[in-house]
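Listed below, chain by chain, are the residues.
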Amino acid sequence: MYLLATSYLLYVQWKPISILVLLGITIVAYYTAICIDKEKKKTSKKMLYAGVLLVLAPLLFFKYFNFANDILESILQQLGLKFQLHGLNWFVPIGISFYTFQALGYIWDVYYKKQKAEKNFLTFALFLSFFPSIISGPINKASIIIPQIKKIRPYFDYSKAVDGLKLLLWGMFMKVVVADRIALYVDVVLPNYENYTGITCLIASLLYSIQIYSDFAGYSLMAIGVGKTLGFELTENFRRPYFAYSVTEFWHRWHISLSTWLKDYIYIPLGGSRCGKLKNYWNIFITFLVSGIWHGANWTFIVWGAIHGFCQIIEKMLGEQKCNYGLLGKILKIILTFFIINFAWIFFRMPTLQDAISLVTRIFDVSLPRTIFLPNNSDLLFIIMSIALLFSKDYLDEFKPNISFFNNKKRIIRWTSYMIIFVIIMLTGVFGADQFIYANF
């Protein structure tokens, strides 16, 4: 009860009226699941469709109404018809994409008998609104979280709390030291790319890849860390994605809770890989179009999703996952994959398709001067230092898991590591920056 009250009180701080959207989706999902559990299969299918539509309705209305309205207006104008329906200046409730998908996954799991409908409304309400993960995920499964909510915790779990604080510390480093420091440069160059040379735009785009990883993975680590200190195990969301050998593997490491959701509720129901090759390629493409649309109501996100879907289809056609390239080949593939992902991030970051295409064109325009705009000396030093630390830790976690500073057996090494990272956060962190990037989705 206390956690539920805390979650709602924290959520209401953003825009009080948004609490009504969260509460409405919670009530609909709760009663839909109970009705599905009670009814026969034929009736429960109707309940499933009704519940899914009602849960989706707020997301479609708040997030996609203006986008759909603009498309319809443009099509009708091309046909010579005058049509104008004023767009809505409504806010998009923070975290709505995350808790909507969590509610949908729960309803589907109940329908397919993978999850029993939760009878306690307060337990279910906490599952959807749990404050560490409601804003930017992870997208948790009911089968993982609800049993933990119902479990009695008679004592404080010291070891779990310590593990949680470690994640919280490193997540804070990724956010305020890496992501927000890089943002000081990226947010100057990319919105005004036409004023900068191609090499400067390239550097900004590469840094944006590091920024969004550090920002989102940093938030996820902090969310998981807070959950651990409270005795909860949340879904792992990142596993060093820029060490992926392919775009397909990237999605086994990046936003894992979303990619798992897409696999379970979009890809597999479409037929997955248990079908002909062409149908399988189509299933992959549709799945990543949905991923793009989930991220935002803009053609840039749709193209971003299409790029990821297309690359995975090509990899599947080439049988890339079955090939052994040796050490040098793997290094080259990691680098190539990073540049493909970076190219896709350009469409993700820019406000319009025209801006994204113009930025790519500018990067490859050899006629432009080769001068480079760099941050001031202190910012440049902090950026290089923070990226080096981030890369070093990810490298050790990926290839040398036995070498760990935070989990070292020697207390002096552990505590020295904690204090060094803490001091770096306090001395070089950028505080008071904008909210997390993925909070916009």
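Remember, predicted model here, so these are calculated numbers, not experimental data. Think of each chain on its own: its residues are numbered from 1, step by step along the sequence as written. For a predicted model such as this one, the threshold for reporting local features is a pLDDT of at least 70, and the threshold for listing and counting side-chain atom pairs is 80 or more; totals across whole chains, interfaces and linings nevertheless cover every residue. Heavy atoms throughout the structure, all of them, feed into the side-chain values; hydrogens and water do not.

**Some points on the overall build of the protein**
As a reminder of what qualifies: Every helix listed is a DSSP run of H or I at least four residues long, and every strand listed is a run of E at least two residues long, numbered separately from the N terminus. Atoms considered for the radius of gyration are the C-alpha atoms alone. The globule rule reads 2.2 Å times the number of residues to the power 0.38. Only protein chains enter the area calculation, which uses a 1.4 Å probe; residues under 20% of their type maximum are buried, those over 50% are exposed, and those in between are partly exposed. A contact between two residues is defined here by any heavy atoms of the two lying within 4.5 Å. Each accessible area is a Shrake-Rupley result for a 1.4 Å probe, and residues are judged covered by the shown protein chains and nothing else.
Within the protein, the secondary structure is distributed over 16 helices and zero strands. Taken over C-alpha atoms, the radius of gyration comes to 23 Å for the protein, in line with the 22 Å a tight globule of 441 residues would show. Each of the three principal axes of the protein carries a C-alpha extent, and together these read 70 × 65 × 50 Å. Classification of the 441 residues of the protein by burial places 50% in the buried group. Considering only contacts in the protein between residues 6 or more positions apart, those separated by 24 or more positions represent 75%. As displayed, the protein has an accessible area near 22500 Å², and 67% of this comes from carbon and sulfur atoms.

**Digging into a nonpolar patch on the surface**
Heads up, the rule is: Distance thresholds for patches are 9 Å for like charges and 5 Å for nonpolar side chains (Val, Leu, Ile, Met, Phe, Trp, Tyr), applied to residues having over 30% relative accessible area and no salt bridge. One side-chain nitrogen of Lys or Arg within 4 Å of one carboxyl oxygen of Asp or Glu is enough to make a salt bridge.
On the surface, W415, M419, F422, V423, M426, L427 and F431 cluster together into a nonpolar patch covering about 760 Å² of accessible area. F431 sits in the partly exposed class, given a relative accessible area of 48%.

**Re the packing of aromatic side chains**
Note the threshold: Only the six-membered ring of Trp is used, alongside the rings of Phe and Tyr, when aromatic pairs are assigned; centres must lie within 6.5 Å, and planes under 30 degrees apart are stacked while those over 60 apart are edge-to-face, with the rest tilted. In this analysis the charged atom, NZ for Lys or CZ for Arg, is taken to sit over a ring once it is within 6 Å of the ring centre and within 35 degrees of the ring normal.
Counted under the stated rule, the structure contains 48 aromatic pairs. The ring of W294 has K63 sitting right over it, with the charged end atom 5.7 Å from the ring centre. When the ring centre of W170 is taken as origin, the NZ or CZ atom of K393, which lies over that ring, is 5.2 Å away.

**Regarding the packing of helix 8 (residues 198-229) against helix 15 (residues 377-399)**
Spelled out, the test is: Here an axis means a line fitted to C-alpha atoms, over the contact stretch when the element is a helix, while the angle between two N-to-C directions is reported on a 0 to 180 degree scale. Throughout, the term roughly parallel applies to angles under 35 degrees, roughly antiparallel to angles over 145, roughly perpendicular to angles from 65 to 115, and oblique to all others. In a left-handed crossing the near helix is turned counterclockwise from the far helix by less than a right angle, and in a right-handed crossing that turn is clockwise. The residue classification treats Ala, Val, Leu, Ile, Met, Phe, Trp, Tyr, Cys and Pro as nonpolar and Asp, Glu, Lys and Arg as charged. All others, Gly included, are polar.
Between helix 8 and helix 15, the least distance of the axes is 12 Å, while the angle of their chain directions is 60°. By the criterion of interaxial angle, the relationship of helix 8 to helix 15 is oblique. Crossing geometry of helix 8 relative to helix 15 is assigned as left-handed. Where helix 8 approaches helix 15, its residues L207, I210, Y213 and S214 are matched on the opposing element by I383, I387, L390 and D394. Looking at side-chain class alone, the contact of helix 8 with helix 15 contains six nonpolar, one polar and one charged residues.

**Digging into helix 2 (residues 18-38)**
What counts here: To estimate the expected span of a helix, subtract one from its residue number and multiply by 1.5 Å.
With 21 residues, helix 2 extends 31 Å between its outermost C-alpha atoms, agreeing within 8% with the 30 Å of an ideal straight helix rising 1.5 Å per residue. Listing the buried residues of helix 2 in full gives S18, I19, V21, L22, I25, T26, A29, Y30, T32, A33, I34 and I36.

**Observations concerning the packing of helix 4 (residues 96-111) against helix 5 (residues 121-129)**
The geometry of helix 4 relative to helix 5 is characterised by a closest axis approach of 9 Å and an angle of 135° between their N-to-C directions. Classified by the interaxial angle, the pair formed by helix 4 and helix 5 is oblique. The residues of helix 5 that touch helix 4, namely those facing Y99, Q102, A103 and Y106, are F124, F127 and L128. Of the residues assigned to the contact of helix 4 with helix 5, the class counts are six nonpolar, one polar and no charged.

**Brief notes about the nonpolar core**
Here is the rule we go by: For this analysis, a nonpolar core means a set of buried residues of the types Ala, Val, Leu, Ile, Met, Phe, Trp, Tyr and Cys, connected via side-chain atoms within 4.5 Å.
By size, the foremost hydrophobic cluster in this structure holds 111 residues, and its most contacted members are Y106, F127, F173, Y242, W254, W261 and W345. Residues within four places of F127 in sequence aside, it is in contact with Q102, Y106, N140, K141, A142, I145, I146 and I149.

**Considering the pattern of salt bridges**
Inspection of the entire model under this criterion finds 16 salt bridges. Residues D180 and K175 are paired through a salt bridge, measuring 3.1 Å at the closest nitrogen-oxygen approach. Here the two residues D180 and K175 agree in accessibility, since each one is buried. A salt bridge links D397 to K393; the shortest N-O distance between them is 2.8 Å. Remark: K393 and D397 occur in helix 15; sequence separation between them is four residues, near one turn of the helix. The partly exposed category is assigned to D397, whose relative accessible area is 27%. Overlapping salt bridges bring together R240, E249, R253 and E398 as one network.

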